[in-house]
Amino acid sequence: MLKDIMEKQWIELKKLWLNKRQLLFQLLNLAMIVFSALMIWKGLMFLTKSESPVVVVLSGSMEPAFQRGDILFLDNSRNDMGVGDV
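Because the structure is predicted, anything quoted here is derived from the model rather than measured.

Conventions used here
Residues numbered from 1 in each chain as written. Predicted model: local features only at pLDDT ≥ 70, side-chain atom pairs only at ≥ 80, totals over all residues. Heavy atoms only, no water. Patch = residues over 30% accessible without salt bridge, like charges linked within 9 Å, V, L, I, M, F, W, Y side chains within 5 Å. Areas by Shrake-Rupley, 256 points an atom, 1.4 Å probe, with all protein chains shown as cover. Salt bridge = Lys/Arg side-chain N within 4 Å of Asp/Glu carboxyl O. Helix = DSSP H or I, 4+ residues; strand = E, 2+ residues; numbered from the N terminus. Buried < 20%, exposed > 50% of the residue type's maximum accessible area, 1.4 Å probe, protein only. Axes fitted to C-alpha atoms, helices over the stretch in contact; angles between N-to-C directions. Parallel < 35°, antiparallel > 145°, perpendicular 65-115°, else oblique. Contact = heavy atoms within 4.5 Å. Nonpolar A, V, L, I, M, F, W, Y, C, P; charged D, E, K, R; others polar.

Draft legend 1. Spotlight on a nonpolar patch on the surface. Residues W41, V54, V56, L58, I71 and F73 make up a contiguous nonpolar surface patch of about 610 Å² in total accessible area. Elements represented by at least two residues in the nonpolar patch include exactly β1 (54–56) and β2 (71–73). Among the secondary structure elements, I71 is positioned in strand β2.

Draft legend 2. View of the environment of A31. Summarising the element assignment, A31 is placed in helix α2 (residues 20–48). A relative accessible area of 26% means that A31 is categorised as partly exposed. Sequence separation of A31 and K8 is 23 residues, and the distance between their C-alpha atoms is 25 Å.

Draft legend 3. Highlighting the packing of helix α1 (residues 2–18) against α2. Where α1 meets α2, the axes come as close as 5 Å, and the angle between the chain directions of the two elements is 105°. In terms of their interaxial angle, α1 and α2 are classed as roughly perpendicular. In this structure, α1 contributes L16, W17 and L18 to the contact, and α2 contributes K20, Q22, L23 and Q26. Here the residues of the contact of α1 with α2 sort into four nonpolar, two polar and one charged.

This is how it looks when you write it as structure tokens:
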């Protein structure tokens, strides 16, 4: 079963290689996706004034406020912090 899938994928890759226009179209689509993700990330970095605007909690050291696996959005644009802001 896995061998059949691999053979079908290999045949499709050969077809794509022979059709240069379709190959170029696929590569440009991939490049647009990657560059779009990078632009969104850089935009978030600019807006939040943080080098890592989105982070994931990896350990239990932030419990009980944040659990393992929580996704946090960091925003450093506000400078006046007070008690209870976190």
